[in-house]
Amino acid sequence: MQGSICSVGASISSSLIFARELPNFYILHDPYRFTNDIGAAIVEFNLSRGDDVWGCEALEAMIDLYLNPNQDTYAMWDEREPGPLDDAIANNLSAADTLLLELKSKSKDARKIKVLENLCLLTTRSKGHVQTVLESFIEMLEEDQDYLPAILGLATAYMIDKEQHKAKNLLKRIAKLEPYKHDMEDFAKASLLHARLNIEKGRYDVAQEAIRDVLASNRSSSAAWELMGLVMEKEQDYIKAAG
């Protein structure tokens, strides 16, 4: 993850190095995603949260895991109506809020903190919170139209608000961005969400292009290969139907 600014001087924590390679959590790559050992990742990141160099990154990682414990690219888009949160989601959200308070005291990256605050609000699915998040991300993009975490966050907010066409139009910006100038995990998530929307609309060529962009930087992305397989399956069905 990019953007974490903490004091420098300590050596790299061995627990953070280990956590980076734990199952189903990836910062740049996800070769171990299929083993899905989120609990172990949380434990190891927790050991690193006090580190002078890597503490902020560890906290961001923990917040991300609590908000999306299965590390599912589409989890935030799942159909879930506003209302009382179930115990698991409520407990995870409470843990994320506590970690966010700690991160605020350590990080100087105000934009990243705001993105995480917005994602916590989106987890509630409250109509008022969703509207607040929409306004926040729009304001962030007015200041920097290429800020990828805000593009991804706003697209997510649009989907939760059942404004799929707005999400799709927003994610078109991804194709114009240079991947290596951005956090590769955010780029992959945004590209795959863009691909998924185009698959649903039958635009398989556009979807494949977005998927290839992800695979060009991470050949081990299971999510990208899964979507590519879906595209090929649907294209084959289309050919059969046309014949």
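Use the structure listed above.
About the thresholds
Residues numbered from 1 in each chain as written. Predicted model: local features only at pLDDT ≥ 70, side-chain atom pairs only at ≥ 80, totals over all residues. Heavy atoms only, no water. Salt bridge = Lys/Arg side-chain N within 4 Å of Asp/Glu carboxyl O. Buried < 20%, exposed > 50% of the residue type's maximum accessible area, 1.4 Å probe, protein only. Helix = DSSP H or I, 4+ residues; strand = E, 2+ residues; numbered from the N terminus. Expected span 1.5 Å × (residues − 1). Contact = heavy atoms within 4.5 Å. Lys, Arg positive; Asp, Glu negative; His and termini not counted.

> Tell me about the pattern of salt bridges, and name the residues and values.
One pass over the full model with this rule turns up nine salt bridges. The closest approach of N and O atoms between K106 and E102, which form a salt bridge, is 2.9 Å. Using a relative accessible area of 31% as the deciding quantity, one classes K106 as partly exposed. When salt bridges that share partners are traced, they join R49, E102 and K106 into one network.

> Which residues make up helix α5 (residues 110-124), and what values go with them?
Taking 1.5 Å of rise per residue, 15 residues should cover 21 Å, and α5 covers 22 Å from first to last C-alpha, within 8% of that figure. Every buried residue of α5 is accounted for by K112, I113, V115, L116, N118, C120, L122, T123 and T124. Where α5 is buried, its residues meet α3 (55-67), α4 (87-104), α6 (127-143) and α7 (148-160). One or two residues past the end of α5 sits R125, with phi positive at roughly 60°.

> Describe the side chain of D186, and please don't skip the residues or the numbers.
Within the fold, D186 resides in helix α9 (residues 184-200). In this structure, D186 is buried with no salt-bridge partner, the nearest side chain bearing the opposite charge being K112 at 4.5 Å. In this view, D186 contacts L148, P149 and L152; residues no more than four positions away in its chain are not counted.

> If you had to explain the environment of G229 to someone new, which residues and values would you point to?
Mapped onto the elements of the fold, G229 is located in helix α11 (residues 222-242). Along the chain, G229 and Q208 lie 21 residues apart, while their C-alpha atoms are 10.0 Å from each other.

Function-wise, these values are silent; they only describe arrangement.
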